[in-house]
Amino acid sequence: MESKELVNLAAQACDEKRAQDIVVLDMSEVSLIADYFLICEGSNERQVQAIARELKNQAEEHGIEVKRMEGFEQARWVLVDLNDIVCHIFHKDERHYYNLERLWGDADTVVVEGLEN
């Protein structure tokens with residue numbers, strides 16, 4: 001699966017669990033870490049965990065290896081590493097504190113079609 005298809009799959013999985021303010025950054029020109037960062041938030045710990053779980057399940061159903069998932073138990077900032085895509089699922093309070101969109105401000109924002117949020 002191409003990175004662009006994978007980022008769309010990831011965004012849709014997050015959207016299915018009502019993740020808010022889903023942003024996709026094209027990291028290919030600004031970092032070697034990943035092709036894309038997906039950033040979203042949940043309103044409480046249970047929702048953050050539900051979003052991360054859905055993302056993991058959708059990836060595995062499509063044969064995508066989840067390299068690593070960190071922060072799931074605390075559910076304040078869950079990182080899901082899908083190799084070319086790194087997904088950051090924040091609790092709403094933590095997202096504003098870390099403000100990854102500003103930190104990686106040189107990255108272009110990617111529009112993902114079909115998101116409800």
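Residues numbered from 1 in each chain as written. Predicted model: local features only at pLDDT ≥ 70, side-chain atom pairs only at ≥ 80, totals over all residues. Heavy atoms only, no water.

Observations concerning the sheet that holds strand 4 (residues 77-81)
Here comes step 1: What the 6 strands build is an open sheet, ordered 3-4-5-2-1-6; its pairing is mixed. Unpaired on one side and paired on the other, strand 3 (68-70) and strand 6 (108-110) mark the two borders of the sheet. Strand after strand, the sheet turns through a mean of 20° between neighbouring axes, direction not considered.
Here comes step 2: One ladder, built from 3 bridges, connects strand 1 (residues 20-26) with strand 6; its direction is antiparallel. (Pairing = 2+ DSSP bridges. Helix = DSSP H or I, 4+ residues; strand = E, 2+ residues; numbered from the N terminus. Axes fitted to C-alpha atoms, helices over the stretch in contact; angles between N-to-C directions.)

Digging into the side chain of His88
Here comes step 1: Within the secondary structure, His88 sits in strand 5 (residues 85-91).
Here comes step 2: Owing to a relative accessible area of 5%, His88 belongs among the buried residues under this scheme.
Here comes step 3: At 3.2 Å, the side chain of His88 and the side chain of Trp77 are in polar contact.
Here comes step 4: Beyond its immediate chain neighbours, meaning those up to four positions away, His88 contacts Phe37, Leu38, Ile39, Cys40, Trp77, Val78, Leu79 and Leu100. (Buried < 20%, exposed > 50% of the residue type's maximum accessible area, 1.4 Å probe, protein only. Polar contact = N/O pair within 3.5 Å; in protein donor to acceptor, adjacent residues only side chain to side chain. Contact = heavy atoms within 4.5 Å.)

What to know about helix 1 (residues 3-16)
Here comes step 1: Its 14 residues place the ends of helix 1 20 Å apart at the C-alpha level, agreeing with the 20 Å of an ideal helix rising 1.5 Å per residue.
Here comes step 2: Regarding helix 1, the residues found buried are Ser3, Leu6, Val7, Leu9, Ala10, Ala11, Ala13, Cys14 and Asp15.
Here comes step 3: Following helix 1 by one or two positions, Arg18 has its phi on the positive side, about 60°. (Expected span 1.5 Å × (residues − 1).)

Considering unusual backbone geometry
Here comes step 1: Positive phi, normally seen in glycine, also occurs at Arg18, with a value near 60°.
Here comes step 2: By the secondary structure assignment, Arg18 is in the loop between helix 1 and strand 1.
Here comes step 3: Judged by relative accessible area, which is 56%, Arg18 ranks as exposed.

By themselves these figures say nothing about function.
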